[in-house]
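One-letter residues, chain by chain:
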Amino acid sequence: MTVGQAEPAFQEAVRAVTQETGAGRLAALRSLGDLVAGHPGLRSRAVAALADGLRASTDADGWDTDARREAGRVLAVLLRPAAQTPAGSVDPGVNPEPPSAVDLDLRAATLVDLDLAGAVLGAARFADARFLGATSFADARFTGVADFARTLWHGPARFTRARFLDHAAFGRARFRADADFTDTRFAAFAWFGRGEDEWWEDDPAWETVEETSPAPWDEPNEADPHWPVAVLMGDYQEWSEGGDGARFVGPVSFRQARFAGPTWFFKARFAAAATFRQARFAGPVHLDQPTVDLTAATWAGAADDGPVCWPLGWTPALAPAGPDGAQLVPDDSVRPYAGQLADTDPDVRRAGLAALADLGDARPELRQRVVDAVCGHLRMPLSFDLAGPRTDGQAAELELRRTAQRILAARLRPSTDAPGGPHWPGMDLMLCGATLVDLDLGGCHVGHADFTGVQFHGDTRFAASVFTAATFTLGGGVGRASFHGPVSFVGARLDRRRSVREVLGEVAGRAGMVLVLDEAVSSPG
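Since the model is a prediction, treat every value here as computed from it, not as a measurement. (Residues numbered from 1 in each chain as written. Predicted model: local features only at pLDDT ≥ 70, side-chain atom pairs only at ≥ 80, totals over all residues. Heavy atoms only, no water.)

Thoughts on the environment of Asp324
As a reminder, the rule being used: Secondary structure elements follow DSSP: runs of H or I no shorter than four residues count as helices, runs of E no shorter than two count as strands, and numbering proceeds from the N terminus. Remark: exposure states derive from per-residue accessible area (1.4 Å probe, protein chains only) relative to the maximum for the residue type, with buried under 20%, exposed over 50%, and partly exposed in between. Here, residues are in contact when the closest pair of their heavy atoms is within 4.5 Å. Residues adjacent in sequence count toward polar contacts only when both atoms are side-chain atoms; beyond that, a polar contact is any pair of N or O atoms within 3.5 Å, and within protein one must be able to donate a hydrogen and the other to accept it.
Relative to the helices and strands, Asp324 resides in the loop between strand S29 (314–316) and strand S30 (326–330). Look at Asp324 and you get partly exposed, because its relative accessible area is 40%. Beyond its immediate chain neighbours, meaning those up to four positions away, Asp324 contacts Arg280, Thr298, Trp299 and Ala300. In this structure the side chain of Asp324 is engaged in a polar contact, spanning 3.2 Å, whose partner is the side chain of Arg280.

Here we look at the sheet that holds strand S26 (residues 292–293)
For clarity, the threshold we go by: The pairing criterion is simple: DSSP has to find at least two bridges between the two strands.
Ordered by their spatial adjacency, six strands build an open sheet running S5-S9-S13-S19-S23-S26, and the pairing between neighbours is parallel. Edge strands, defined here as strands with exactly one partner in the open sheet, are strand S5 (135–136) and S26. Pairing between strand S23 (residues 274–275) and S26: two bridges, direction parallel. Paired with Thr275 across the bridge in S26 is Asp293.

Points about helix H7 (residues 367–378)
Note the threshold: Take the number of residues in a helix, subtract one, and multiply by 1.5 Å to get its expected span.
For H7, spanning twelve residues, the distance from its first C-alpha to its last is 17 Å, which sits close to the expected 16 Å at 1.5 Å a residue. When you tally the buried positions in H7, you get nine out of twelve residues, the bulk of the element. Inspection of H7 places Arg367, Val370, Val371, Ala373, Val374, Cys375, Gly376, His377 and Leu378 among the buried residues, and these make up the whole buried set. Buried residues in H7 make contact with helix H6 (346–362), helix H8 (392–412), strand S31 (429–430) and strand S32 (435–437).

Structural notes on the packing of aromatic side chains
The condition that has to hold: Only centres within 6.5 Å qualify two rings of Phe, Tyr or Trp (six-membered ring in Trp) as a pair; their planes then separate them into stacked at under 30 degrees, edge-to-face at over 60, and tilted for everything else.
Applying the stated criterion to the full structure yields 58 aromatic pairs. Seen from their ring centres, Phe126 and Phe148 are 4.8 Å apart, and the 5° between their planes marks the pair as stacked. Of the two residues, Phe126 is situated in the loop between strand S3 (120–125) and strand S4 (130–132) and Phe148 in the loop between strand S7 (146–147) and strand S8 (152–153); the sequence distance between them amounts to 22 residues. Overall, Phe148 belongs to the buried group, its relative accessible area being 0%. A ring pair is formed by Phe456 and Phe462, whose centres lie 6.0 Å apart and whose planes are at 75°; its orientation type is edge-to-face. The exposure classification of Phe456 matches that of Phe462, with both residues buried.

Overview of the side chain of Thr184
As for its position among the elements, Thr184 is in the loop between strand S13 (179–180) and strand S14 (185–186). In this structure the side chain of Thr184 is engaged in a polar contact, spanning 2.9 Å, whose partner is the backbone oxygen of Phe181. Leaving out residues up to four positions away in the same chain, Thr184 has contacts with Phe159, Thr160, Arg161, Ala162, Arg163, Phe164, Ala257 and Arg258.

Quick look at helix H3 (residues 43–54)
With twelve residues, H3 extends 17 Å between its outermost C-alpha atoms, agreeing within 8% with the 16 Å of an ideal straight helix rising 1.5 Å per residue. Listed as buried for H3 are Arg43, Ala46, Val47, Ala49, Leu50, Ala51, Gly53 and Leu54.

Some thoughts on the side chain of Glu222
Relative to the assigned elements, Glu222 resides in the loop between strand S16 (197–199) and strand S17 (231–233). Accessibility expressed as a relative area gives 6% for Glu222, which makes it buried. Residue contacts for Glu222: discarding those within four places in its chain leaves Trp217, Arg247, Arg269, Pro381, Gly433 and Gln455.

So, the nonpolar core
A general feature of soluble globular proteins is that nonpolar side chains tend to end up buried together. Our working definition: To qualify as a nonpolar core, a set must consist of buried Ala, Val, Leu, Ile, Met, Phe, Trp, Tyr and Cys residues joined through side-chain atoms within 4.5 Å.
Counting 82 residues, the largest nonpolar core has Phe126, Phe137, Phe148, Phe159 and Phe281 as the members making the most contacts within it. In terms of residue count, helix H4 (residues 65–79) provides more of this core than any other element does, seven residues in total. The residues touching Phe137, leaving out its near neighbours within four places in the chain, are Leu114, Leu116, Ala117, Phe126, Phe131, Phe142, Phe148, Trp153, Arg158, Phe159 and Ala162. Val370, Ala373, Leu429 and Leu494 belong to the second-largest nonpolar core, a separate cluster that totals 52 residues.

Quick look at the pairing of S3
In the case of a regular strand, side chains alternate between the two sheet surfaces. Pairing between strand S1 (residues 102–105) and S3: three bridges, direction parallel. By the bridge assignment for S3, Asp105 is matched with Arg125. Pairing analysis gives two bridges linking S3 to strand S6 (residues 141–142), with the strands arranged parallel. If you follow Leu121 over to S6, its bridge partner there is Phe142. In terms of strand pairing, S3 meets S7 through two bridges, oriented parallel. Looking across to S7, one finds that Ala124 is bridged to Ala146.

Details of the pattern of salt bridges
Let me state the cut-off plainly: Take a side-chain nitrogen of Lys or Arg and a carboxyl oxygen of Asp or Glu: if they are within 4 Å of each other, that pair is a salt bridge.
This model, assessed by the stated rule, comprises 34 salt bridges. Close ionic contact of Arg80 with Asp115 constitutes a salt bridge, the shortest N to O distance being 3.7 Å. Separated by 35 residues along the polypeptide, Arg80 in the loop between H4 and S1 and Asp115 in the loop between strand S2 (110–112) and S3 bring together distant segments of the chain. Given the relative accessible area of 26%, Arg80 is considered partly exposed. Residue classification places Asp115 among the partly exposed residues on the basis of a relative accessible area of 38%. As a salt-bridge pair, Arg247 and Glu219 come within 3.1 Å of each other at their nearest N and O atoms. Of this pair, Arg247 sits in strand S18 (residues 247–248) while Glu219 sits in the loop between S16 and S17; the two residues are 28 residues apart in sequence, bridging distant segments of the chain. On the basis of relative accessibility, which here comes to 5%, the residue Glu219 falls in the buried class. Put simply, Arg174, Arg176, Asp218, Glu219, Glu222, Arg247 and Arg269 are held in one network by salt bridges that share partners.

In structure tokens, the structure reads:
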């Protein structure tokens, strides 16, 4: 039977998938898969039909968990190379040449236990998709752009040995369980950095921005529902501005990964161990999180390739480079202190914070790097809700967070030469997305501070503080900071040209917030 002869059966199979429910839909999905297995020429249309169903809302037309799991199973069969030419086919209507990789559009889809291991894809659009259960792209091959921006991963995510032959975008992705990118290859841009899309003023995408359907930003202690869809104007803002990058709550592995192009984790957040052991980097890199392990990793880039930023304590070796470039090695005078911040024991991390503070006191040239490392520690996501009861371990985590805040504040106040240590002038604070508890920056002098998306809990004090500039929102109510208790800005100067009210903009006031601005006192409402 030729593709043309199979057309009526194909149309009927698609109709059944669309109109049936329950067990009938499951049977229709299997029938569609069986039909297309014998006619690869129908493959791209079948993939598109399945994607249409998976993009339906979870309460629409009976697309329940079982249907989504079965649709994903059929989709996986169609996208693997074996589906291109059926074994033993002698049908002259079947094209003996394997067709090109199929594009896949699953934007805002809800996917259940999706297993696309070994699949071959063209352009793969998964932006805003929700992945339920365990998900695997192990050994998958992405021949076109792979867009996973703002995706939400409820269970383990596997990209082991995957191949990205074009740009791979994971900006603002949220991994709530472990993520495995071991031995993955990135041939172009590997983007795990800040998550906004950057559009030019005349970009036609503005016409469809209202159709974006992000997963609710319902992470513990992170209350800004608009943060995930923030968009930057390419005419007016640079790549480095804006909110968060990818968010990893569980352990993540990029062991033996290969990055041929730019590797961007700027503003990404890691709450657990992040290993890049034996990874190979070849272009510009921004990877500055204090929990990262770069043992036996190498860098084959050059200083004039673009900006490069490694975690405090790691640097390319001065010895002659090998075939994979210069090996990244610990700086013995720095690495032990930063490495302690990755330990699971709060007491070890507390000792690491104290040692970092001593290091900055002794070496002024490292102070901004030390501040960045402490800010990175404060930006680590908390796995528990501050509004609920706390275990002893959770209470210890919060006290450790207060300790880090006090270490910074003591060195940002010009009046505290002892015993808190010398004043560190001109320091910038990059705290976007952080959860801060009882923060007291009263009397501190700071350079630029990024508080976009920050959740301020407890008593917050900015009284008499002086900033070169401070940012609390991305603008228009997007990426706004939230205060969950009383906050004082009496005598504060957050910007050289704007008032405190102008700088704060549309910050959110949660229950219990009392905002004190000089003589004015206001409550939410």
